[in-house]
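If you want the building blocks of each chain, they are given just below.
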Amino acid sequence: MPPQLPKVPQGIRYPPNQTELPTMQVELFLDFCCPFSRKLYNTVMAYMASESALSGLQFLLHLVPQPWHPQSPVLHEFGLTVSPGGNSGARQ
């Protein structure tokens, strides 16, 4: 019996209100406590806010706590509790 896979891609979509299908989907694996993840996130958000952003581009954010950041699991649990219900498939 094959393993059951999710019906929709897991993660948080950005931009969340994109109606057309994206021509390209970029998956980002980020940690709330990691300074390198923060730099990447800020760069991606600045790009998406600029006028040069492609309309068919969508980012799928995966929150992955890293074991070397002691507070990371707690922050990720908090992030899951405050995330919008229809936007995140992490607990479906």
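It should be emphasised that the depicted structure is a prediction, and the values quoted were computed from it without experimental measurement. (Residues numbered from 1 in each chain as written. Predicted model: local features only at pLDDT ≥ 70, side-chain atom pairs only at ≥ 80, totals over all residues. Heavy atoms only, no water.)

1. Remarks on the state of the cysteines
- Applying the stated criterion to the full structure yields zero disulfides.
- C33 carries a free sulfur, and the closest cysteine sulfur to it, the one in C34, is 8.8 Å from it.
- Since its relative accessible area comes to 26%, C33 is described here as partly exposed. (Disulfide = S-S within 2.5 Å. Buried < 20%, exposed > 50% of the residue type's maximum accessible area, 1.4 Å probe, protein only.)

2. Here we look at the sheet that holds strand β1 (residues 12-14)
- If you walk across this open sheet you meet the three strands as β1-β3-β2, and the pairing is mixed. If you trace the sheet from one side to the other, it starts and ends with β1 and β2 (24-30), each paired once. Adjacent strand axes in the sheet meet at a mean angle of 25° when their direction is disregarded.
- Alignment of β1 against strand β3 (residues 57-63), held across three bridges, turns out to be antiparallel. Looking at β3, one finds that R13 is bridged to L60.
- Relative to β2, helix α1 (residues 35-49) is tilted by about 150°, and along the sheet it contacts β1, β2 and β3. (Pairing = 2+ DSSP bridges. Helix = DSSP H or I, 4+ residues; strand = E, 2+ residues; numbered from the N terminus. Axes fitted to C-alpha atoms, helices over the stretch in contact; angles between N-to-C directions. Contact = heavy atoms within 4.5 Å.)

3. Some remarks on the side chain of S72
- Here S72 lies in helix α2 (residues 72-82).
- With relative accessibility at 0%, the residue S72 sits in the buried group.
- Aside from chain neighbours lying at most four places away, what touches S72 is D31, C33, P65 and Q66.

4. Some thoughts on the confidence of the model for the protein chain
- On average, residues of the protein chain score 76 in pLDDT, and 78% of them reach the 70 mark or higher.
- Element-level pLDDT for the protein chain is lowest in β1, with a mean of 75, against a maximum mean of 86 in α1. (pLDDT = per-residue confidence, 0-100.)

5. Points about α2
- Where α2 is concerned, the buried positions are S72, H76 and G79. The buried side chains of α2 occupy one side of the element, clustering within an arc of 55° when seen end-on. Of the exposed residues in α2, the ones pointing more than 90 degrees away from its buried face are V74, F78, T81 and V82.
- Among the structural elements, β2 and β3 are those in contact with the buried residues of α2. (Arc of directions from axis to C-beta.)

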